[in-house]
2 protein chains.
Amino acid sequence: MTTSTPPVGTVDAPQAARSTPAEARQRFREGLVAPTTGWAAGFTQANMVMLPQDWAFDMLLFGQRNPQPVPLLDVTDPGATASRLAPDADLRTDVPRYRVWRDGELVAEPTDVSDLWRDDLVTFLIGCSFSFETALMAAQVPIRHIEQGRNVSMYMTNLDCQPAGRLSGPLVVSMRPVPARQVVTAVQVTERMPEVHGAPVHVGAPEALGIADVSTPDYGDPVRFEDGDVPVFWACGVTPQAALMASKPPFAITHAPGHMFVTDIPDTVYRRH
Amino acid sequence: MTTSTPPVGTVDAPQAARSTPAEARQRFREGLVAPTTGWAAGFTQANMVMLPQDWAFDMLLFGQRNPQPVPLLDVTDPGATASRLAPDADLRTDVPRYRVWRDGELVAEPTDVSDLWRDDLVTFLIGCSFSFETALMAAQVPIRHIEQGRNVSMYMTNLDCQPAGRLSGPLVVSMRPVPARQVVTAVQVTERMPEVHGAPVHVGAPEALGIADVSTPDYGDPVRFEDGDVPVFWACGVTPQAALMASKPPFAITHAPGHMFVTDIPDTVYRRH
């Protein structure tokens, strides 16, 4: 009996979900470029920011002061290419798509950053809402953007994060339409997961966050409301990228939105009871 | 009707408990030297570490990697003399007794560090078990060292903290004798307060932590067990001082054990439900 490996880019959804974190990372390392939603079901995926050591204190302080948008799951030593969340991974190759930033401008979106690597880079791995979406679905709260096969809607708000040194920027939020009778459940489920953004920051009234029209998100896709749905807003891991754009460090690398770092840590580790 | 202010050093316990955080800090600023246990009842007190900016990244990372012994409640900008936990305070004068460290050696215990102040000092305010002791007493769990009018017993363990840059050192724990039938309650109450050390790290069997004799603590006082009491160990805010001793940064200032920084934040803010 032989097992054939499908060519890069042709993995199907059940197969992606069944893959182990190590298998998923290997596919991405070998060149597969795909959003990571649905991959290695049950394992935590992380937002990623890499900054030179000169800026690392500011970023670490930014996370300490803004734990809802920037929940730090791991911070590496300078130059380290692996994380304790995935000791066998290579942080330079295992994210399906990266973003390279110079002076706050997005200059490239490579699939490998080995050639850009510097021994003074500190990597920040930051909790991601994929973890709490699994928990919401387990609690029977529908996730409209998944039902509709879209990326989640994300918005810049008129709220400022607490600045830290040279880093400052707006709070970015993700929005999920939630049936009104399940809003309380959505709060209860997500507040138990503070390492992956925790409870919503806002329910209803997008204009109070400076969002004029929920149907035109700043990042991601528009998502359709069903009758009786209420917009619920959570702090979003794109917030550090907004801070990089606003604060313009000379050099930074991040993941590309939706193309996360897959860790070996089960989502349940970040769920309090 | 006139109100007389008692002279420095002659405050009684109910008066201390009734003082506001600002009143308590003013007394310490004016020269009162006393342990802060029992002062400004219901408000959070904090362990304190001040380090030059050159070492601040390592300390911040040490806290990020060791959240049980080093739960960071606030980290200031370099040179800042106040904290958002007490905007009207002066961090250089409002702790009743400080410790000054040079190359890991304790060199002085002044009551004011204004003359040692440097514009590159970053202050770390770290959660303190006083906060969870209030919650334990509210849950009818007796606190033996308070009943006996003593300081809590603290011990170096044979467990290492996760190192961070140049900082490393042993986990320091505090120990409270808890009636066996209330050990579960003690776990349940304190796990809801992760910002103030959270759940115990160990129950029973001190030898498993490398503690040969609980009656001879490394810091604080010996505390008498009642019949049926079990030793319960929590991560302790003295851990950063042990790391300073082990890692020998050229300069640091901390609070003296038991002489904490009194914040304006109610303990209930750090209690999850």
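This report concerns the structure included in the present document. (Residues numbered from 1 in each chain as written. Chains lettered and ligands numbered in written order. Predicted model: local features only at pLDDT ≥ 70, side-chain atom pairs only at ≥ 80, totals over all residues.)

**Focus on the packing of helix H4 (residues 130-138) of chain B against helix H6 (residues 183-191) of chain B**
All names here are of chain B. Closest axis-to-axis distance for the H4/H6 pair is 9 Å, and the angle between their directions is 130°. Accordingly, the angle class assigned to the pair H4 and H6 is oblique. Helix-helix and strand crossings are classified by hand; for H4 and H6 the assignment is right-handed. Here Phe132, Ala135 and Leu136 of H4 lie close against H6, whose contacting residues are Ala186, Val189 and Thr190. For the contact of H4 with H6, a count of residues per class yields five nonpolar, one polar and no charged. (Axes fitted to C-alpha atoms, helices over the stretch in contact; angles between N-to-C directions. Helix = DSSP H or I, 4+ residues; strand = E, 2+ residues; numbered from the N terminus. Parallel < 35°, antiparallel > 145°, perpendicular 65-115°, else oblique. Left-handed = near helix turned anticlockwise from the far one by under 90°. Contact = placed C-beta atoms within 7 Å. Nonpolar A, V, L, I, M, F, W, Y, C, P; charged D, E, K, R; others polar.)

**Some remarks on the interface of chain A and chain B**
Facing the eight residues of chain A at the interface are eight residues of chain B. For the side of chain A that touches chain B, the secondary-structure elements that each account for two or more residues are helix H3 (53-65) and strand S2 (72-75) of chain A. For the side of chain A that touches chain B, the leading source of residues is H3(A), giving five residues. Its residues assigned to classes, the side of chain A that touches chain B shows six nonpolar, two polar and no charged.

**A short note on helix H4 (residues 130-138) of chain A**
Residue and element names in this part refer to chain A. All buried positions along H4 are accounted for by Phe130, Ser131, Phe132, Glu133, Thr134 and Leu136. Along its buried surface, H4 packs onto strand S1 (43-52), strand S5 (121-127) and helix H6 (183-191). Just beyond H4, the residue with positive phi is Gln140, at close to 70°. (Buried ≥ 20, exposed ≤ 12 C-beta atoms within 10 Å, placed from the backbone.)

**Quick word on the sheet that holds strand S6 (residues 153-160) of chain A**
Residue and element names in this part refer to chain A. Here we have four strands laid out as an open sheet, ordered S6-S7-S9-S8, and antiparallel in their pairing. Edge strands, defined here as strands with exactly one partner in the open sheet, are S6 and strand S8 (202-203). Pairing of strand S7 (residues 170-179) with strand S9 (residues 229-235) involves seven bridges; the strand directions are antiparallel. If you follow Val173 over to S9, its bridge partner there is Ala235. Lying over the sheet, H6 contacts S7, S8 and S9, oriented at roughly 15° with respect to S9. Running over the sheet, helix H7 (residues 239-247) touches S6, S7 and S9 and is turned about 150° from S7. (Pairing = 2+ DSSP bridges.)

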